[in-house]
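Descriptive analysis of the structure
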Amino acid sequence: MKKLGIYTLMLMILTLASCGKETPFNPDPEPAEEGQLSKSALSLDILDASVVSSTKAATTDVNLNDFDVMIYQVGVNTPKFKYKYGEMPEIVTLMRGEYYVVAEYGSNVDKGWDAPYYKGESDNFLIKGGEITDDIGDIKCKLQNVKVSVDYGPILLDQVENPNVEIKVCAPANQDNIEGLVFGKNESRCGYFRYEQGVTLIAEFNGLIKGDPTPTQKISSITNLEGGKHYKITFKLHVIPEDPKGGIAPKMGVDATLVVTDVERNVDLQEDELLQDDERPSEGGDEPDDSGLEITAEAPIDLSAVNLVDKDSHVVLNIASQTGITKFQVNIISDDLAGLVPAVLDLVEPGDNLGLLQGLGLLPDGKTTVRAEKNVKFDVSGFMEMLCALGSGKEHTFRLTVADSSGEVVKELKLKTK
C-alpha cells in the first residue's frame, strides 16, 4: 500500500510539471486579417432630375445593374475588385484597411447620341477584421459630359428646306479637324460630348429658305461650357428689317437662342430667379390669381371684339403689374404675315429680334427688355400701315401672354383691316 501511494504521488508531480511547460491561455487573440463589405452598403443615386434613378427607388429610368462598381484601397491606383452592379456578390471579402468605391455609368465618349456618363465616389470607409461593413453612405453620381439638344421654331420648319445643325464640342483650334453630331429637323435625341476644361460648343446651321436661292448658314459658338449642364439651342426664323440708310430691303434670317439647364435640379439657369414657396402660383385646380396683373385697351380698341382698323388707327394696350413683369410674349396669328415677321416676339428676351422690336416701337427709347417693369405700353399703331397694305378685310390677331409672380394672363387683340 505504501508503494502504491508513492507511485501515485510521483505521477501527480510529473503531471503538474508537464502542464507547467504548456503555453498559458491567451484571452485576447490576434484579430482576423479579413473583413467583409455588403452589397447593400452601396447606395447609388444619380443626381439628374430628368431621370428617376436610385437604389432606393422602386423603379428607375436608368438600369442600375449596368453601373461599373470599383473598390479601391486608399493609396492604391488599381481597384481590388470591379463588378457590374447587377453581378456584384452580396458579400465581398477584403483585407483589413481603408477603402473607397467608385461607380460609373456609360463611358466618356467624345460624342454620342443618348450617351450620358455618370460618375460618383464614396467617402473613405474602414474594413475591420471579422466584421461586415453594411453602410458606406450615398454614392452621388453626377453627369460628367455636356448634354445638348436642338429645336426649331415652327415658322422655320415651314419656310426652310432641310434644316440641320451640326454640333461640335472641342477646343476651337480643332473644330475643322473633327466631325460633330448632325441634328435634323426630326431629331429628338440628345447629344452628349466629352467635357474638358476650355472646350467650346460650335453650332453650325444650314438650310435653304424658300424663295432664296442662296443657302443660309449660321455659325454660333458658346464658351465657358460646364460638364453636367444641358444646353438647349433653338433656331428660329425672323425678319431682318431694312436699312433706311443703305436702302437694303428686308429679308429673312436665322437666329439662335440658348437655355442652360442645371440637370441636378432641372432648373433653367438663364430664367428668372427661383421663387420662394410663398411666391409661387397655386398648383391646385383653380386658375392663378391675376389680381396683380392687368391688360387693358385704350379707346377705341375693345379686347372683347374684332376691331376695324385703317393705317391711321390708334391701337394701344396697357399692361400693369404690381411686382414686375417676368414674361411678355406676343404670338402673331395671321396667314398674311406668316413668313414676313416672326410668329412669336419676346419682349423679355428679344434675342436677334431686338432691332425689329425697337424699330416697331415695341421697345421704345432704346430699351432692350421689359423685364421687371411694372407699367408697359404696347403700342402697335405702327403696324397698321403694313397691315392695310396687305389688303382690306384681312384679320390679324395678336395674342399677348404676360406673367409676373402672381400668375399669367393671356389676352387677344383682334384686328380687321377696313
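Residues numbered from 1 in each chain as written. Predicted model: local features only at pLDDT ≥ 70, side-chain atom pairs only at ≥ 80, totals over all residues. Heavy atoms only, no water.

1. What to know about the confidence of the model for the protein chain
Any residue range with low pLDDT should be treated as having predicted coordinates unsuitable for detailed reading. Stated precisely, the cut-off is as follows: On a range of 0 to 100, pLDDT expresses the predictor's confidence in each residue. Any two residues having at least one pair of non-hydrogen atoms within 4.5 Å are treated as being in contact.
Looking at the protein chain, the pLDDT average stands at 81 and 80% of residues meet or exceed 70. Note on residues 53–60: pLDDT under 50 across the span, and 18 contacts to partners over four residues away in sequence or across chains. Segment residues 269–291: pLDDT under 50, and 26 contacts once partners within four positions in sequence are set aside and those in other chains are kept.

2. Observations regarding the packing of aromatic side chains
As a reminder of what qualifies: Each aromatic pair joins two rings of Phe, Tyr and Trp (for Trp, the six-membered one) with centres within 6.5 Å, and gets the label stacked for planes under 30 degrees apart, edge-to-face for over 60, and tilted for any other angle. Helix and strand labels come from DSSP, where a helix needs a run of H or I of at least four residues and a strand needs a run of E of at least two; each type is numbered from the N terminus. The buried label applies to any residue whose accessible area, calculated with a 1.4 Å probe on protein chains only, is under 20% of its type's maximum; exposed applies above 50%, and partly exposed to all values in between. Placement of a charge over a ring requires the Lys NZ or Arg CZ to be within 6 Å of the ring centre, with the centre-to-atom vector within 35 degrees of the ring normal.
By the definition in use, this model includes nine aromatic pairs. Residues F67 and Y105 carry aromatic rings whose centres are separated by 5.3 Å and whose planes lie at 45 degrees to one another, so their mutual orientation is tilted. Residue F67 is found in the loop between strand 2 (43–46) and strand 3 (68–73), and its partner Y105 is found in strand 6 (residues 97–105); the two are separated by 38 residues along the sequence. For F67, a relative accessible area of 0% puts it in the buried group. Judged by relative accessible area, which is 18%, Y105 ranks as buried. A ring pair is formed by Y105 and Y118, whose centres lie 6.1 Å apart and whose planes are at 50 degrees; its orientation type is tilted. Taken together, the residues Y105 in strand 6 and Y118 in strand 8 (residues 118–121) connect sequence positions 13 residues apart. Exposure class is identical for Y105 and Y118. Each is buried. Through a chain of ring-to-ring contacts, the aromatic side chains of F67, Y105 and Y118 assemble into a single cluster. The aromatic ring of Y85 is capped on one face by K39, whose charged end is 4.7 Å from the ring centroid. Against the face of W113 rests R189, its NZ or CZ located 4.4 Å from the ring centre.

3. Focus: the sheet that holds strand 21 (residues 293–297)
Our working rule: Strand pairing is assigned whenever DSSP detects at least two bridges linking the two strands. Axis geometry follows a simple rule: fit a line to the C-alpha atoms, using only the stretch in contact for helices, then measure angles between N-to-C directions, giving values from 0 to 180 degrees.
Within the open sheet, the three strands sit side by side as 21-23-26. Their pairing is antiparallel. Of all strands in the sheet, those with a lone pairing partner are strand 21 and strand 26 (375–379), marking the two edges. Direction aside, the axes of adjacent strands within the sheet are offset by 15 degrees on average. When strand 23 (residues 316–321) meets strand 26, the two strands line up antiparallel, connected through five bridges. The residue bridging A320 from the neighbouring strand is N375, located in strand 26.

4. Topic: the nonpolar core
Heads up, the rule is: For the purposes of this section, nonpolar cores are sets of buried Ala, Val, Leu, Ile, Met, Phe, Trp, Tyr and Cys residues that join through side-chain atoms within 4.5 Å.
Grouped together as the largest cluster of nonpolar side chains are 33 residues, with contacts concentrated most on I319, F328, V330, F378, F398 and L400. Elements that contribute at least two residues to this core include exactly strand 21, strand 23, strand 24 (327–333), helix 3 (354–359), strand 26, helix 4 (384–389), strand 27 (395–404) and strand 28 (407–417). For F328, the contacting residues outside a window of four places in its chain are I319, L345, D346, L347, V348, V370, V376, F378, L400, T401 and V402. Residues I46, V92, L94 and Y118 belong to the second largest nonpolar core, which totals 30 residues.

5. Notes on unusual backbone geometry
With omega at 10 degrees, the peptide bond leading from A299 into P300 counts as cis. Note on placement: P300 falls in the loop between strand 21 and strand 22 (306–309). Located in the positive-phi region is D114, a residue other than glycine, with phi close to 45 degrees. Here D114 lies in the loop between strand 7 (111–113) and strand 8. One non-glycine residue with positive phi stands out, namely N162, at about 50 degrees. With respect to the helices and strands, the residue N162 is situated in strand 13 (residues 160–170). Exposure remark for N162: the relative accessible area of 62% places this residue in the exposed category.

6. Observations concerning the sheet that holds strand 24
Pairing between the strands of a sheet is mediated by backbone hydrogen bonds and can be parallel or antiparallel. A sheet is described by the order of its strands in space; here five strands give the open sequence 22-28-27-24-25, paired in mixed fashion. Two strands in the sheet have a free side with no partner beyond their single neighbour: strand 22 and strand 25 (344–346). Sheet twist, expressed as the mean angle between neighbouring strand axes with direction ignored, is 25 degrees. In this structure, strand 24 lies alongside strand 25, joined through three bridges in antiparallel fashion. Bridge pairing links N331 to V344 in strand 25.

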